[in-house]
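# Coordinate inspection notes
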Protein chains: 2
Amino acid sequence: MSPAPQIQSTTPLMQTRLFAVEAVELLFANGEARTFERLVGQGEGAVMVVPVLSPDRLLLIREYAVGVERYELGFVKGRIDRGESPEQAARRELREEIGMDARRLDKLETVALTPAYSNYRTHLFVARELFPAPLVGDEPEPLELVQWPVSALADLRKEPNFTDARSLLATYLFEERAGL
Amino acid sequence: MSPAPQIQSTTPLMQTRLFAVEAVELLFANGEARTFERLVGQGEGAVMVVPVLSPDRLLLIREYAVGVERYELGFVKGRIDRGESPEQAARRELREEIGMDARRLDKLETVALTPAYSNYRTHLFVARELFPAPLVGDEPEPLELVQWPVSALADLRKEPNFTDARSLLATYLFEERAGL
């Protein structure tokens with residue numbers, strides 16, 4: 001493996017409420033210099049939680065996703081607020097989105113989305129032994145909750161509106177570690 | 001399912017070489033109005049390709065990822081250039097990154113990364129029956145190629161620098177459809 005390139009400078013390029021972009025000047029070990037752009041300042045990242053409603057049933061959410069301009073089927077998810085741990089964010093999102101907290105919250109994985117362009121990470125969890133604990137969130141409309149049989153995850157993966165790479169990955173991780 | 005919210009307006013907020021952000025004013029079916037931000041103009045999206053070197057061996061790349069500031073292990077990947085189909089981009093990236101083209105290129109899946117914030121998509125492929133066909137890419141340094149036994153994909157998933165959600169997902173899709 002080559003020695004890591006050295007960061008010569010970083011320059012803020014733009015900033016909005018949610019997004020910030022900076023230019024990074026890199027000097028590679030072989031003398032090559034490049035300027036790359038990357039997203040920064042996206043806070044602590046995000047959480048995604050697979051809620052297990054009963055041993056044979058998961059809970060999904062159907063929510064409008066403005067990036068793709070349609071309703072997407074997926075698991076509970078959201079950004080980690082400042083000062084929150086990933087576990088705290090996972091419980092808050094569970095309470096806001098499905099009105100329940102969990103007696104068991106197990107970490108599945110922490111994943112990157114586009115390591116070449118961002119340090120944004122998503123912490124994946126599975127939530128079991130749910131109990132009612134609603135918390136009012138900031139959703140613009142009530143979320144549609146969808147129960148899904150654990151035995152039909154292969155069908156879920158074929159749903160045309162179930163396309164988030166993290167949601168798809170979560171179904172495999174859940175199956176693999178169902179005995180957690 | 002609610003009727004989809006109506007887009008009242010979109011306003012460009014900023015633009016750099018790689019990234020553009022816009023504000024979207026939405027009116028939900030229940031009368032709630034919200035302004036969201038999303039990334040736009042990221043071209044045709046990206047491709048990721050799992051190169052199968054022999055029936056029991058995959059080829060990985062170790063490449064510096066400035067978003068996370070370290071070398072990441074992953075599959076062949078890159079942006080789709082203007083005018084290219086996903087298949088053409090997959091073959092070009094194979095030739096640039098591992099110096100080979102493929103007699104068989106099968107689509108695994110098309111996935112979203114953050115449907116709430118972007119319409120960026122990645123087309124996942126598996127490439128078989130490789131043959132030498134090098135093409136000079138724009139990599140700042142030679143990429144390190146790493147052979148990995150198909151029988152050890154579970155170990156690959158535990159590698160601390162193998163964290164891209166798409167790469168992790170690709171290992172499960174590859175295993176599931178090994179008989180494609």
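Here, the structure is the one placed above.
Below or above, wherever it landed, is the structure these notes cover. (Residues numbered from 1 in each chain as written. Chains lettered and ligands numbered in written order. Predicted model: local features only at pLDDT ≥ 70, side-chain atom pairs only at ≥ 80, totals over all residues. Heavy atoms only, no water.)

## Structural notes on the overall build of chain A
- Of the regular secondary structure elements, chain A holds 3 helices and 10 strands.
- The order of helices and strands in chain A, counted from the N terminus, is β-β-β-β-β-β-β-α-β-β-β-α-α.
- Here the C-alpha coordinates of chain A stretch approximately 55 × 35 × 30 Å along the principal axes.
- Residues classed as buried in chain A amount to 54% of the 180 residues present.
- Within chain A, residue pairs in contact and separated by at least 24 positions form 58% of the contacts whose partners lie at least 6 positions apart. (Helix = DSSP H or I, 4+ residues; strand = E, 2+ residues; numbered from the N terminus. Buried < 20%, exposed > 50% of the residue type's maximum accessible area, 1.4 Å probe, protein only. Contact = heavy atoms within 4.5 Å.)

## Some details on the packing of helix α3 (residues 165–176) of chain A against helix α3 (residues 165–176) of chain B
- Running from amino to carboxyl end, α3 of chain A crosses α3 of chain B at an angle of 55°, the nearest separation of the two axes being 9 Å. On the basis of the axis angle, α3 of chain A is oblique to α3 of chain B. The way α3 of chain A lies across α3 of chain B gives a crossing that is left-handed. Between α3 of chain A and α3 of chain B, the contacting residues are A165, R166, L168, L169, Y172, L173 and E176 of chain A on the first element and A165, R166, L168, L169, Y172, L173 and E176 of chain B on the second.
- Split by residue class, the contact of α3 of chain A with α3 of chain B holds 10 nonpolar, no polar and 4 charged. (Axes fitted to C-alpha atoms, helices over the stretch in contact; angles between N-to-C directions. Parallel < 35°, antiparallel > 145°, perpendicular 65-115°, else oblique. Left-handed = near helix turned anticlockwise from the far one by under 90°. Nonpolar A, V, L, I, M, F, W, Y, C, P; charged D, E, K, R; others polar.)

## Remarks on the packing of aromatic side chains
- Per the counting criterion, the structure on display carries 9 aromatic pairs over all chains.
- Pairing Y117 of chain A with F19 of chain B gives two aromatic rings, centres 6.3 Å apart and planes at 85°, and the pair type is edge-to-face. With Y117 of chain A in the loop between β8 (100–112) and β9 (121–132) and F19 of chain B in the loop between β1 (6–15) and β2 (20–27), this residue pair bridges two chains.
- Centroid distance F75 of chain B to F162 of chain B: 6.0 Å. Interplanar angle 90°. Geometry classified as edge-to-face. Here F75 of chain B, found in the loop between β6 (70–74) and β7 (76–79), pairs with F162 of chain B, found in the loop between α2 (153–158) and α3; they are 87 residues apart in sequence, far enough to count as distant.
- The exposure class assigned to F75 of chain B is buried, which follows from its relative accessible area of 3%.
- In this structure F162 of chain B comes out as buried when scored by relative accessible area, which is 1%.
- Taken together, the ring pairs connect F28 of chain A together with Y64 and Y71 of chain B into an aromatic cluster.
- Above the plane of the ring of Y172 of chain A lies R157 of chain A, whose end atom (NZ or CZ) is 3.7 Å from the centre. (Phe/Tyr/Trp six-rings, centres within 6.5 Å; stacked < 30°, edge-to-face > 60°. Lys NZ or Arg CZ within 6 Å of the ring centre and 35° of its normal.)

## Some details on the sheet that holds strand β2 (residues 20–27) of chain A
Residues and elements named next belong to chain A.
- Taken in spatial order, the 3 strands make up an open sheet running β1-β2-β3, and their pairing is antiparallel. Each end of this open sheet is capped by a strand with a single partner; those strands are β1 (6–15) and β3 (33–40). On average, each strand axis in the sheet is tilted by 25° relative to the strand beside it, whichever way the strands run.
- Pairing of β1 with β2, which is carried by 8 bridges, proceeds in the antiparallel orientation. For I7, the partnering residue across the bridge sits in β2 and is L26. (Pairing = 2+ DSSP bridges.)

## Some words on the relation of the copies chain B and chain A
- Once chain B has been moved 0.0 Å along the axis and rotated by 180°, it coincides with chain A to within an RMSD of 0.0 Å. One copy is carried onto the other by what is essentially a two-fold rotation axis. Among all residues of chain B, the minimum C-alpha distance to the rotation axis is found for L169 of chain B, at 2.5 Å. (Least-squares fit on C-alpha atoms with pLDDT ≥ 70 in both.)

## A word on the environment of R34 of chain A
- Along the chain, R34 of chain A turns up in strand β3.
- Spatially, the C-alpha atoms of R34 of chain A and P5 of chain A are 9.9 Å apart, while their sequence positions differ by 29 residues.
- Leave out the neighbours within four places in its chain, and R34 of chain A touches V24, E25, L26 and F28 of chain A together with D138, E139 and P140 of chain B.
- Within the local environment of R34 of chain A, its side chain forms a polar contact with the backbone oxygen of D138 of chain B, the two atoms lying 2.6 Å apart. (Polar contact = N/O pair within 3.5 Å; in protein donor to acceptor, adjacent residues only side chain to side chain.)

## Concerning the interface of chain B and chain A
- Contacts between chain B and chain A engage 64 residues on the former and 65 residues on the latter.
- Of all residues in chain B, the largest losses of buried area upon contact with chain A belong to V66, P140 and Y172 of chain B, amounting jointly to 11% of the total for that side.
- The tally of links between chain B and chain A comes to 4 salt bridges.
- With its nearest N and O atoms 3.4 Å apart, the salt bridge here joins R157 of chain B to E176 of chain A.
- Scanning the region where chain B abuts chain A turns up 32 residue pairs in polar contact (both at pLDDT 80 or more).
- The greatest single-element share of the side of chain B that touches chain A, amounting to 7 residues, is contributed by α3 of chain B. (Buried area = accessible area lost by both parts, 1.4 Å probe. Salt bridge = Lys/Arg side-chain N within 4 Å of Asp/Glu carboxyl O.)

Purely spatial values, then, with no claim about function.
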